[in-house]
Amino acid sequence: MNHFEYRDGTLFAENVSVEKLAQEHGTPLYIYSTATLTRHFQAFDSAFDEIPHMTCYSVKANSNLSVLRTLAGLGAGMDIVSGGELYRALKAGVPAEKIVYSGVGKKAGEIRQALEADILMFNVESTAELAAINEVAASMGKVARVSFRVNPDVDPKTHPYISTGMKKNKFGLDLTQAMDAYREAARLPNVEPIGIDCHIGSQLVTLAPFMEALEKVLDFYRSLKNIGLDIRYLDLGGGLGITYDEEEPPHPREFGLALTSAVRDLPVTVILEPGRVIVGNAGILATRVVYAKHTPSKDFLIVDAAMNDLVRPSLYGSYHRVDEVTPKGRKKLSVDVVGPICESGDFLAKDREIPAMETGELLALFSAGAYGFTMSSNYNTRPRAAEVLVDGDQAVLIRRRETYEDLTALED
Ligand code: LLP
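These numbers come from a predicted model, not from an experiment.

Draft legend 1. Layout of the sheet that holds strand β2 (residues 10-13). Taken in spatial order, the 3 strands line up as β1-β2-β3 in an open sheet, and their pairing is antiparallel. Two strands lie at the open edges of the sheet, namely β1 (4-7) and β3 (16-17), each paired on one side alone. Sheet analysis places β2 next to β3, joined by 2 bridges and oriented antiparallel. Within the sheet, the bridge partner assigned to F12 lies in β3 and is S17.

Draft legend 2. Fine view of the packing of aromatic side chains. Summed over the entire model, instances satisfying the criterion amount to 10 aromatic pairs. Residues Y30 and Y32 carry aromatic rings whose centres are separated by 6.1 Å and whose planes lie at 25° to one another, so their mutual orientation is stacked. Both residues of the pair, Y30 and Y32, count as buried. Between F210 and F255, the ring centres sit 4.8 Å apart and the planes meet at 70°, which makes this aromatic pair edge-to-face. Placement of F210 in helix α8 (residues 208-226) and of F255 in helix α9 (residues 252-263) is noted, with a sequence separation of 45 residues between them. Across the pair, exposure class does not vary: F210 and F255 are buried alike. Among the aromatic residues, those joined into a ring-pair cluster are F44, F48, F210 and F255. The cationic tip of R321 hangs over the ring face of F366; the distance from NZ or CZ to the ring centre is 3.8 Å. Over the ring of F347 we find K350; its NZ or CZ atom is 4.5 Å from the centre of that ring.

Procedures and definitions
- Residues numbered from 1 in each chain as written.
- Predicted model: local features only at pLDDT ≥ 70, side-chain atom pairs only at ≥ 80, totals over all residues.
- Heavy atoms only, no water.
- Pairing = 2+ DSSP bridges.
- Helix = DSSP H or I, 4+ residues; strand = E, 2+ residues; numbered from the N terminus.
- Phe/Tyr/Trp six-rings, centres within 6.5 Å; stacked < 30°, edge-to-face > 60°.
- Buried < 20%, exposed > 50% of the residue type's maximum accessible area, 1.4 Å probe, protein only.
- Lys NZ or Arg CZ within 6 Å of the ring centre and 35° of its normal.

Structure, rendered in structure tokens:
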């Protein structure tokens, strides 16, 4: 359920018309809904109410400060993967004790920054990283709380670029290596192993891979208990998928129920790192038609958003629903919706049945709240889009559109 709906023949974000927002702020424009963010966070978080848990929103999905503040206000912790994300999370008011730090390449400076902030724990992905964390912590006279990310070798059946828990992926440690790593961590003076972490991929639309991974993690948990380690946290990562098109992912309630039943009796706090399921359908990208172009073999709608604004279709072949903001009942054509960038890979939708639209008319790309703006770039020296957050009747510009001066500001 989200709060983007057609009313009186035009698309609304909550109680604000998308036409009006586009008029006021220009296009391309990311529009997010506070009610949807809130609803999604609460639906997810309450699915784990029966057990001690922390929902640490995955900042990479949408890291706008206002989005982070909204979620922090609802009690969210955060999953971060860089010093930059740590900076954002702290700036948004997230308490350090609700922050977990994942990622394969944390640098010494970033480790120091996280230890200074005193975050809850590092999700460690290699023994080299463990040594680095121990060394930095020693130099600061601190003990770093860690868990290891285990790689359970489970196929999440999603796009290969966003599968992370298979042997061939760079992420985590296989279970044998992980056991050695825990023994090593137990010996080192400046790290304390307190958890186990596992994240197998993104946009998962069935429960089976999650449950297969969880079973392996629980076996591993018991082995760690047997060697006397005090494991208090199970971080089960993110990955729950959303509906872009016809997918029918499990509802967070079902997901919560399945996970909760498997861990209910353990003396642990479960950490979840959802990203897409919270923000994906809480955002759209509004764009205007620049030209309709008809060729003997194909029809194109050239719009003012491009792969630099929303790269998912170009990068993963992802589907985003595209619709007129104000439908006029015209006959539909099969078109490619493309941007102005000089690459044939610059498309937002291919072979879509869309009404014959004209210059200046508005389109909405749906499900653009996750990995939309955060993956955008300035390719072709295009200023990045503005972002607006709607709350009921109010809309606030939460990131202004970049200017040409912004684009050259860091250069000589
Ligand atoms: N935790 C870790 C350690 C992760 O690497 C990720 C996502 C998440 C949590 C959040 O996963 P989610 O709940 O959003 O599925 N750019 C791609 C998705 C990349 C996901 C990377 N890691 C896309 O646009 O589909």
